[in-house]
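Residue-level structure breakdown
Residues per chain, in single letters:
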Amino acid sequence: MLRLEDQSIRLCDRMPRRSFMQIGGLAMGGLSLPQVLRAQEQSGKKSSHKAVIMIFLAGGPPHQDMFDLKPDAPDEVRGEFKPINTSVPGIQISELMPRVASMMDKFSIIRSLVGAEGRHDSFECCTGHHFRSSQPQGGWPALGSALSKVKGPVNPTVPAYIDLSHTMAHNPWNIKGPGFLGLEHAPFRPDGRVMDNMTLNSISNTRLTERASLLNNLDRFRRVSETGLTDGTYDGYTKQALEVLSSSQLVEALDLEKEDPKVRARYGKDSPKVLNYSLDKGYQAIMSRFLLARRAVEAGARCVTCSFAHFDWHGDNFGHARKVVPLLDQGVAALVEDLHERGMDKDVTVLVWGEFGRTPKINKKAGRDHWPRVHAALMAGGGMKTGQVIGSTNRLGEEAVDRPVHMQEVFATLYHNLGIDVASTTIEDNNGRPQYLVDEQTPIRELV
């Protein structure tokens, strides 16, 4: 097995590459790429290219300081931020989010989101199910894995499910995988260090020597592989795997050197040290991931996930929010604007949310604690009806008082936007039993 790490290489078409693959493993839990391709072909699913980009805000973002401000609440609830007007009359959001506010007609806010389990875990945001509930053997699959199973790949050289998140120190926050569907439907995860290496600011003689050595090794590997194909040692799926490795489509999608510098600048600069503890824990504000998500979808991905920073602010809620939320605002606004400019807004749904909300009452450390009773989500694209707020909370932001929206309704909406009827679509678990994708099977009526 030849492993490619942190190297710039050139394949047979002489295009520059950044190594984010392990030949034979493809960063998918050790499952060989030929096995992945074989499993995908067996699904036999073809469709138009609808997609989802989910941005996971690990820790539970404070809805009262972002999307559901309470300026008339008492001091211990209201917080330090003021609401500002948006491009849609009557809708206000936080002063920390002026870019989203300026294009509110392209977004919808759900202020009455319910059904959170209350765990510090991405499980519910990835699968739509509670972790503690009865699960089929092997566990529930994530949305991207379900799409991989039901729809198959758009392009055989591009995985249907791509996770661009850093590995986070709190393991339950990491984006979930295929559950009972098996490793062939696991997310493709480009290594974080390699992604950082996609843009080279300087190249030393040592690194050039390393790259030359890698090139020789790769050429040798390809010569041996091609011999195996000629004499019948390898099957057609191995041939297809080699085509993936020599294809430029996915590699170029994840190479930001290929992007217009003006577009890159719109997304803002990466901020690995956005919080004083973020760098070594994986809680980084990597703005370029939003752009990579769009590029991955263009290349053929059906579902792209991306974590952003960290929101578990039991202390200094407002200081942390001043650092993180404006960056989120810039990245999300740039992504949605980009999708509209490229004519992708009807096909690509963007979802921004975390696992639960924060307490209305500010604690003694100027923080907000866990609050699973209600939280908020931001949605865009997917051909949805935008420029609206769905639901409301009471005067303190404690609970939904109008149009509670269950988290599974969000999933039903995502599947609807993807052309999947959740009332009739099932996937078989490890015991051969058909399982519905979600229990709440009605999309959010205000959006579709």
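Each value, and the rule that gives it
- Residues numbered from 1 in each chain as written.
- Predicted model: local features only at pLDDT ≥ 70, side-chain atom pairs only at ≥ 80, totals over all residues.
- Heavy atoms only, no water.
- Salt bridge = Lys/Arg side-chain N within 4 Å of Asp/Glu carboxyl O.
- Helix = DSSP H or I, 4+ residues; strand = E, 2+ residues; numbered from the N terminus.
- Buried < 20%, exposed > 50% of the residue type's maximum accessible area, 1.4 Å probe, protein only.
- Polar contact = N/O pair within 3.5 Å; in protein donor to acceptor, adjacent residues only side chain to side chain.
- Contact = heavy atoms within 4.5 Å.
- Expected span 1.5 Å × (residues − 1).
- Core = buried A, V, L, I, M, F, W, Y, C linked by side-chain atoms within 4.5 Å.
- Disulfide = S-S within 2.5 Å.
- Axes fitted to C-alpha atoms, helices over the stretch in contact; angles between N-to-C directions.
- Left-handed = near helix turned anticlockwise from the far one by under 90°.
- Nonpolar A, V, L, I, M, F, W, Y, C, P; charged D, E, K, R; others polar.
- Parallel < 35°, antiparallel > 145°, perpendicular 65-115°, else oblique.

What follows deals with the pattern of salt bridges. This structure, assessed with the given rule, holds 26 salt bridges. Of the charged contacts, one joins Asp-75 and Arg-78 as a salt bridge, the two residues approaching to 2.2 Å between their closest N and O atoms. Of this pair, Asp-75 and Arg-78 both sit in helix H2 (residues 75-78), three residues apart, roughly one helical turn. A relative accessible area of 55% means that Asp-75 is categorised as exposed. Judged by its relative accessible area of 29%, Arg-78 is partly exposed. Here Lys-176 makes a salt bridge to Asp-121, at a shortest N to O gap of 2.9 Å. Linking Lys-176 in the loop between strand S7 (161-163) and helix H6 (192-196) with Asp-121 in the loop between strand S6 (107-114) and helix H4 (123-127), this pair joins segments that are 55 residues apart in sequence. Residue Lys-176 is classed as buried on the basis of its relative accessible area of 17%. Members of the salt-bridge network, linked through shared partners, are Glu-259, Arg-294, Arg-295, Glu-298, Asp-338 and Arg-342.

What follows deals with the side chain of Asn-155. Along the polypeptide, Asn-155 turns up in the loop between helix H5 (143-151) and S7. A distance of 2.7 Å separates the side chain of Asn-155 from the side chain of Thr-157, its partner in a polar contact. Not counting chain neighbours up to four residues away, the residues in contact with Asn-155 comprise Gln-249 and Ala-299.

Take unusual backbone geometry next. Although it is not a glycine, Asp-316 sits at a positive phi angle of roughly 50 degrees. Within the secondary structure, Asp-316 is located in the loop between strand S8 (303-307) and helix H12 (317-341). Its identity is not glycine, yet Arg-403 carries a phi of approximately 50 degrees, on the positive side. Looking at where Arg-403 falls in the secondary structure, it is placed in the loop between strand S15 (400-402) and strand S16 (405-406). Using a relative accessible area of 14% as the deciding quantity, one classes Arg-403 as buried.

Turning next to the side chain of Asn-174. Within the fold, Asn-174 resides in the loop between S7 and H6. Dropping the residues within four chain positions of it, Asn-174 is found in contact with Ser-122, His-166, Thr-167 and Met-168.

With that out of the way, let us pick up helix H11 (residues 288-299). Look at H11: 16 Å from first C-alpha to last across 12 residues, which is about the 16 Å you get at 1.5 Å a residue. For H11, the tally of buried residues reaches 11 of 12 residues, placing the bulk of the element in the interior. Those residues of H11 that sit buried are Ser-288, Arg-289, Phe-290, Leu-291, Leu-292, Ala-293, Arg-294, Arg-295, Ala-296, Val-297 and Ala-299. Trailing H11 by a residue or two, Gly-300 shows a phi angle of about 135 degrees, which is positive.

This part takes up the nonpolar core. Burial of nonpolar side chains together is a common tendency in soluble globular proteins. Core analysis: the biggest nonpolar cluster contains 66 residues, and Ile-55, Phe-107, Ile-162, Val-304, Phe-308, Leu-328 and Val-332 have the highest contact counts within it. The leading source of residues in this core is H12, at 12 residues. Among the nonpolar cores identified, the runner-up in size contains 46 residues, and Leu-147, Trp-173, Met-407 and Leu-437 belong to it.

So, about the state of the cysteines. Under the definition given, this model contains zero disulfides. Unpaired in terms of disulfides, Cys-126 finds its nearest cysteine sulfur in Cys-125, a separation of 6.9 Å. With relative accessibility at 3%, the residue Cys-126 sits in the buried group. Cysteine Cys-303 remains unbridged, with the sulfur of Cys-126 as its closest cysteine sulfur at 8.3 Å. A residue is classified by how much of its surface remains accessible, and Cys-303, at 1% relative accessible area, is buried.

Contact pair H5 / helix H13 (residues 407-417): the axes reach a minimum separation of 12 Å and the direction vectors enclose 35 degrees. Pair H5 / H13 crosses with right-handed handedness. For the pair H5 and H13, contact is made by Leu-143, Ala-146 and Leu-147 and by Phe-411, Leu-414 and Tyr-415, respectively. Of the residues assigned to the contact of H5 with H13, the class counts are six nonpolar, no polar and no charged.

Let us look at the packing of H11 against H12. If you want to describe how two helices pack, look at the angle between their axes and the distance between the axes. The interhelical angle for the contact between H11 and H12, taken along N-to-C directions, is 20 degrees, at an axis separation of 9 Å. In terms of axis orientation, H11 runs roughly parallel to H12. In the crossing of H11 with H12, the sense of the turn from one axis to the other is right-handed. Residues Phe-290, Leu-291 and Arg-294 of H11 lie in contact with H12, whose contacting residues are Leu-328, Gly-331, Val-332, Leu-335, Asp-338 and Leu-339.

The subject of this paragraph is the environment of Lys-364. Residue position: Lys-364 is located in the loop between strand S10 (357-358) and strand S11 (370-371). With 288 residues separating them along the chain, Lys-364 and Glu-76 place their C-alpha atoms 9.8 Å apart.

On to the environment of Thr-349. With respect to the secondary-structure elements, Thr-349 resides in strand S9 (residues 348-353). Note on Thr-349: relative accessible area 1%, which makes it buried. Thr-349 sits 299 residues away from Lys-50 along the chain, and the two C-alpha atoms are 8.2 Å apart. Not counting residues within four places of it along the chain, the set of residues in contact with Thr-349 comprises Ala-51, Val-52, Ile-53, Met-379, Ala-380, Gly-381, Gly-382, Met-384, Leu-414 and Asn-417. A polar atom in the side chain of Thr-349 sits 3.1 Å from the side chain of Asn-417.

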